[in-house]
Amino acid sequence: MAVVRQDIEKGIVKDWGSFVGETRGYSINEGSEVEVMNTLQQFVPYCFFTVHPIASESQVNEMVKALSG
């Protein structure tokens, strides 16, 4: 938990929570793919992660424009 608190204070982790009654939770991280990988590696082999990269509105618009020709 100390490492989680440090990452929150550094601004790497934007939100973190544990699902009540479960051994799972979530974390919202902000940064490049490499920055997020470095942050998550601190917890291996104690935790397993499923990562869902999120595209911004401008990134989705860029993709739509590229597909539109």
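Going by the structure above, here's the rest.
Computed from a predicted model, the values in this text were never measured in an experiment. (Residues numbered from 1 in each chain as written. Predicted model: local features only at pLDDT ≥ 70, side-chain atom pairs only at ≥ 80, totals over all residues. Heavy atoms only, no water.)

Chemist: Report on the pattern of salt bridges, specifying residues and quantitative values.
Modeler: The final tally for this structure, using the stated rule, is one salt bridge. Here E22 ties to R24 by a salt bridge, and the two come within 3.0 Å at their closest N and O atoms. Classification of E22 as partly exposed rests on a relative accessible area of 40%. Residue classification places R24 among the exposed positions, given a relative accessible area of 55%. (Salt bridge = Lys/Arg side-chain N within 4 Å of Asp/Glu carboxyl O. Buried < 20%, exposed > 50% of the residue type's maximum accessible area, 1.4 Å probe, protein only.)

Chemist: Please give an account of the layout of surface pockets that cites residues and values.
Modeler: Computed from the structure, the largest pocket encloses a volume of approximately 1200 Å³. If you list the elements that add at least two residues to the lining of the largest pocket, you get α1 (2-10), β1 (13-18), β2 (25-29) and α2 (33-41). Its residues placed into classes, the lining of the largest pocket shows 17 nonpolar, eleven polar and five charged. (1 Å grid on protein atoms, 1.4 Å probe; cavity = no way out; pocket = protein on both sides within 12 Å on 5 of 7 lines; lining within 4 Å. Points joined across faces, edges and corners; volume = space filled by probe spheres on them. Helix = DSSP H or I, 4+ residues; strand = E, 2+ residues; numbered from the N terminus. Nonpolar A, V, L, I, M, F, W, Y, C, P; charged D, E, K, R; others polar.)

Chemist: Now, about the environment of G25: what can you tell me, with residues and values included?
Modeler: Mapping G25 onto the fold places it in strand β2. Sequence separation between G25 and K10 is 15 residues; the distance between their C-alpha atoms is 20 Å. When neighbours within four sequence positions are excluded, G25 is seen to be in contact with G17, S18 and F19. (Contact = heavy atoms within 4.5 Å.)

Chemist: Would you mind going over the pairing of β2 in detail, with residue names and values included?
Modeler: Pairing analysis gives five bridges linking β1 to β2, with the strands arranged antiparallel. Each residue of the ladder has a partner; that of W16, found in β2, is S27. Counting the residues that bridge the hairpin from β1 to β2 gives six residues, and of these G21 lies at a positive phi of roughly 80°. (Pairing = 2+ DSSP bridges.)

Nothing here speaks to function; it is geometry throughout.
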